[in-house]
Amino acid sequence: MSDRMNAGGEPLTHGGNLHEAAARFGIPYAQWLDLSTGINPHGYPVPPVPADAWRRLPDEGDGLADCAARYYGAPDALHVLPVAGSQAAIRALPALLPRATVGVAPLTYSEYAPAFERAGHRVMPLDVSRDVLPDALTHAIVVNPNNPTAEHLSASTLLAWHAQLSARGGTLLVDEAFADTMPEASLAAHTHRDGLIVLRSPGKFFGLAGVRAGFVLAAPALLDSLRRALGAWTVSGPARHAVKAAFADRAWQEQMRARLAADGARLVALLHAHGFRTRGTPLFAWTADPRAADLHEALATRGVWTRLFASSGSVRFGLPASEEEWTRLADSLRAALDTPGAAGIARSGTRPV
C-alpha cells in the first residue's frame, strides 16, 4: 500500500491544506475561511520565547514530562514521553507491538490503518458498538472522541476492552487528541497498566498545532522502547516552552472549555437550522448527508473550506474564530442551499436530529 493511501485505497489527506484549495478554486489564500481542521481558533497566547530556547539543545530535564503528567492526570512523569506530535508516535508504535490483527474504526483518523499495515499487522474494521471484542483482535485503536464522527466511548467501556485485549497479550491504543474539553473521560490515570497507550496532543485544544508536540502515556518499559526508536531531542526548545506555559495556565483552560462548549453547540445548531443531521464536539461538527460532496464544493466556491470525507458522504466543520466568520458561514450555507446548479445544492426534506 502506498505511503499516502489509506486502508480504503484513497489518498491520505488532512485538513489545513488551504494552498491546494486556493489553487483549485482560484481564490487567493488570504480570502479563505478555513474550517477544515478541528484546531481551536482561539489559540493559547504563548509568552515570549527565552533566547536560550533558540540557542541550546532541548533540555529533557526541564520538567515538561512532569508538567504533562499533572495536566493529563498520568500516574507520574515516568509514564509520559514527549514526542514531535502524535504523528511521530503513530508511525513508530506499530513496529514495537507484536504483529497481529488490529481493529480500527472504518471512519476515523486516517493515519492509523496504513501505519499498522506498513509494520506487518493485519487491519480489520472495529465495531465500536460492541461490548465484547472479536476473538480475532489482538490490538485495537480508538480515537475518543472520534475524529471525524464525534462519537464518544465511556471510560468504563474502554477499560473493559483493555482487559479483554490485555488477557490476549494485546494492546488498546486510545487517541485523545480532542479530549481536553472532556478531561473526566480520559484514560490517562490508568496508563500504569500494561497494554494501554494513550496519545495526547496540545495542538487541538490549545491551538498549538504548529509547535508539533505530543505525548505518549504508557508503561515505562514501552516508553523506553519508543524513546530509543525516536532518538534524542524530539521536541524543540521553543515548543517545550510554549506547551509548559499552556499546561500551567489553569484559568485560561477553564475559560476556554466554557467558550468552546458554547461555540461547539452553536455550530451544531447552525447546521441543524439548515437541515443537516449533525453530531459535534466542542471543537468540530460532523454531518453525514447525501449532499455532502455538493455542500463541500458549493462552500468552497465561496471561499469556505471544509473537510470532505468522500467515502462516507460526510463533511466536518471546524469553528469560526469571530462574529464576522460566523456570519460568513451562515450566509454561505444559505447561499449554497438557495443557489441551483454547480455553485449550489438542492434543499432536501432531510430533518435535523
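Our subject is the structure that appears above.
Residues numbered from 1 in each chain as written. Predicted model: local features only at pLDDT ≥ 70, side-chain atom pairs only at ≥ 80, totals over all residues. Heavy atoms only, no water.

K.L.:
Any details on unusual backbone geometry? Residues and values, ideally.
P.N.:
Residue Pro145 follows Asn144 across a cis peptide bond; omega there is -5°. In this structure, Pro145 sits in the loop between β5 (139-143) and α6 (155-167). Note that the residue after Asn147, namely Pro148, is joined by a cis bond; omega there is 20°. Relative to the helices and strands, Pro148 is located in the loop between β5 and α6. In this structure, Arg212 is a non-glycine residue whose phi angle is positive, near 50°. Mapped onto the elements of the fold, Arg212 is located in the loop between β7 (196-200) and β8 (214-217). Even without a glycine there, the phi angle at Trp233 is positive, about 55°. Position of Trp233 among the secondary structure elements: in the loop between α7 (220-230) and α8 (237-248). (Helix = DSSP H or I, 4+ residues; strand = E, 2+ residues; numbered from the N terminus.)

K.L.:
Report on the nonpolar core, specifying residues and quantitative values.
P.N.:
Among the nonpolar cores identified, the biggest contains 70 residues, and Phe206, Phe215, Phe247, Phe317 and Leu329 are the most heavily contacted of them. With near-sequence residues (within four places) excluded, Phe206 lies in contact with Gly43, Tyr44, Tyr71, Asp180, Ala246, Phe247, Trp252 and Gln253. Counting 21 residues, the second largest nonpolar core, distinct from the first, contains Ala89, Ile90, Ala115 and Phe116. (Core = buried A, V, L, I, M, F, W, Y, C linked by side-chain atoms within 4.5 Å. Buried < 20%, exposed > 50% of the residue type's maximum accessible area, 1.4 Å probe, protein only. Contact = heavy atoms within 4.5 Å.)

K.L.:
Give me the lowdown on the pairing of strand β13 (residues 314-318), citing residues and values where you can.
P.N.:
Across a regular strand the side chains alternate sides, sitting on one face of the sheet and then on the other. Within β13, five of the five residues are buried, leaving the element largely enclosed by the surrounding structure. Both faces of β13 are covered, namely the face carrying Ser314, Arg316 and Gly318 and the face carrying Val315 and Phe317. Examined bridge by bridge, strand β10 (residues 284-288) and β13 share five bridges and lie antiparallel to one another. Bridge pairing links Thr287 to Val315 in β13. With three bridges connecting them, strand β12 (residues 307-309) and β13 associate as antiparallel partners. (Pairing = 2+ DSSP bridges.)

K.L.:
Please provide a residue-by-residue account of the packing of helix α3 (residues 64-72) against α8, values included.
P.N.:
In helix packing, the relevant descriptors are the interaxial angle and the interaxial distance, both defined with respect to the helix axes. Between α3 and α8, whose axes approach to 10 Å, the crossing angle comes to 35°. For α3 against α8, the interelement crossing comes out left-handed. Contact with α3, carried on its side by Leu64, Cys67, Ala68, Tyr71 and Tyr72, involves Arg240, Val243, Lys244 and Phe247 of α8 and no other residues of that element. Class assignment of the residues belonging to the contact of α3 with α8 gives a composition of seven nonpolar, no polar and two charged. (Axes fitted to C-alpha atoms, helices over the stretch in contact; angles between N-to-C directions. Left-handed = near helix turned anticlockwise from the far one by under 90°. Nonpolar A, V, L, I, M, F, W, Y, C, P; charged D, E, K, R; others polar.)

K.L.:
I'd like a description of the sheet that holds strand β9 (residues 279-280), backed by residues and values.
P.N.:
Across the sheet, which stays open at both edges, the four strands sit in the order β9-β10-β13-β12 with antiparallel pairing between neighbours. The open sheet terminates on both sides in strands that have one partner only, identified here as β9 and β12. Each of β12 and β13 is contacted by helix α10 (residues 292-300), which is oriented at about 40° to β13, the strand it contacts most.

K.L.:
Outline the packing of aromatic side chains, supporting the account with residue identities and numerical values.
P.N.:
Applying the stated criterion across every chain yields a total of 17 aromatic pairs. For the ring pair Tyr71 and Tyr72, a centre distance of 4.9 Å and an interplane angle of 65° mean the geometry is edge-to-face. Each of the two residues, Tyr71 as well as Tyr72, counts as buried. With 6.0 Å between their ring centres and 75° between their planes, Tyr109 and Tyr112 make a pair best called edge-to-face. For Tyr112, a relative accessible area of 1% gives the class buried. Here the aromatic cluster, defined as three or more aromatic residues joined through ring pairs, consists of Tyr44, Tyr71, Tyr72, Phe205, Phe206, Phe215, Phe247 and Trp252. Positioned above the aromatic ring of Trp326, the side-chain terminus of Arg266 is 4.2 Å from the ring centre. (Phe/Tyr/Trp six-rings, centres within 6.5 Å; stacked < 30°, edge-to-face > 60°. Lys NZ or Arg CZ within 6 Å of the ring centre and 35° of its normal.)

K.L.:
Got a sec to walk through helix α9 (residues 250-273)? Specific residues and values, please.
P.N.:
The first and last C-alpha atoms of α9 sit 35 Å apart over 24 residues, in line with the 34 Å expected at 1.5 Å per residue. Packed against the buried residues of α9 are α3, α8, β9, β10, β13 and α11 (323-338). Two residues or fewer past α9, Gly275 is found with a positive phi of approximately 90°. (Expected span 1.5 Å × (residues − 1).)

K.L.:
Just give me the short version of the environment of Ala219, but keep the residues and values in it.
P.N.:
Looking at the secondary structure, you find Ala219 in the loop between β8 and α7. Along the chain, Ala219 and Asn144 lie 75 residues apart, while their C-alpha atoms are 20 Å from each other. Setting aside its immediate chain neighbours within four residues, Ala219 contacts His79, Thr191 and Asp194.

K.L.:
Give a detailed account of the pairing of β5, specifying residues and quantitative values.
P.N.:
Summarising burial for β5: five of the five residues are buried, a large majority. Side chains His139, Ile141 and Val143 project from β5 onto one buried face, and the interleaved Ala140 and Val142 project onto a second face that is buried too. As paired elements, strand β3 (residues 101-104) and β5 share three bridges and run parallel to each other. Bridge assignment links Gly103 to a residue of β5, and that residue is Ala140. In the sheet, β5 pairs with strand β6 (residues 171-175) via five bridges, with the strands oriented parallel. Within β6, the residue paired with Val142 across the bridge is Val174. Taken together, β5, α6 and β6 form a β-α-β motif whose crossover is right-handed. (Right-handed = clockwise from strand over helix to strand, strands pointing away.)

K.L.:
Let's hear about the pattern of salt bridges: which residues, and what values?
P.N.:
All chains considered together, the criterion is met by twelve salt bridges. Linking Arg240 and Asp62 is a salt bridge whose minimum nitrogen-to-oxygen distance equals 2.8 Å. On the criterion of sequence distance, the pair formed by Arg240 in helix α8 and Asp62 in the loop between α2 (51-55) and α3 is long-range, its members being 178 residues apart. The exposure class assigned to Arg240 is buried, which follows from its relative accessible area of 4%. Glu176 is the salt-bridge partner of Arg200, the closest N and O atoms lying 2.9 Å from each other. Of this pair, Arg200 sits in strand β7 while Glu176 sits in the loop between β6 and β7, and the two are 24 residues apart along the sequence. Comparing Arg200 with Glu176, the two get one shared label, buried. (Salt bridge = Lys/Arg side-chain N within 4 Å of Asp/Glu carboxyl O.)

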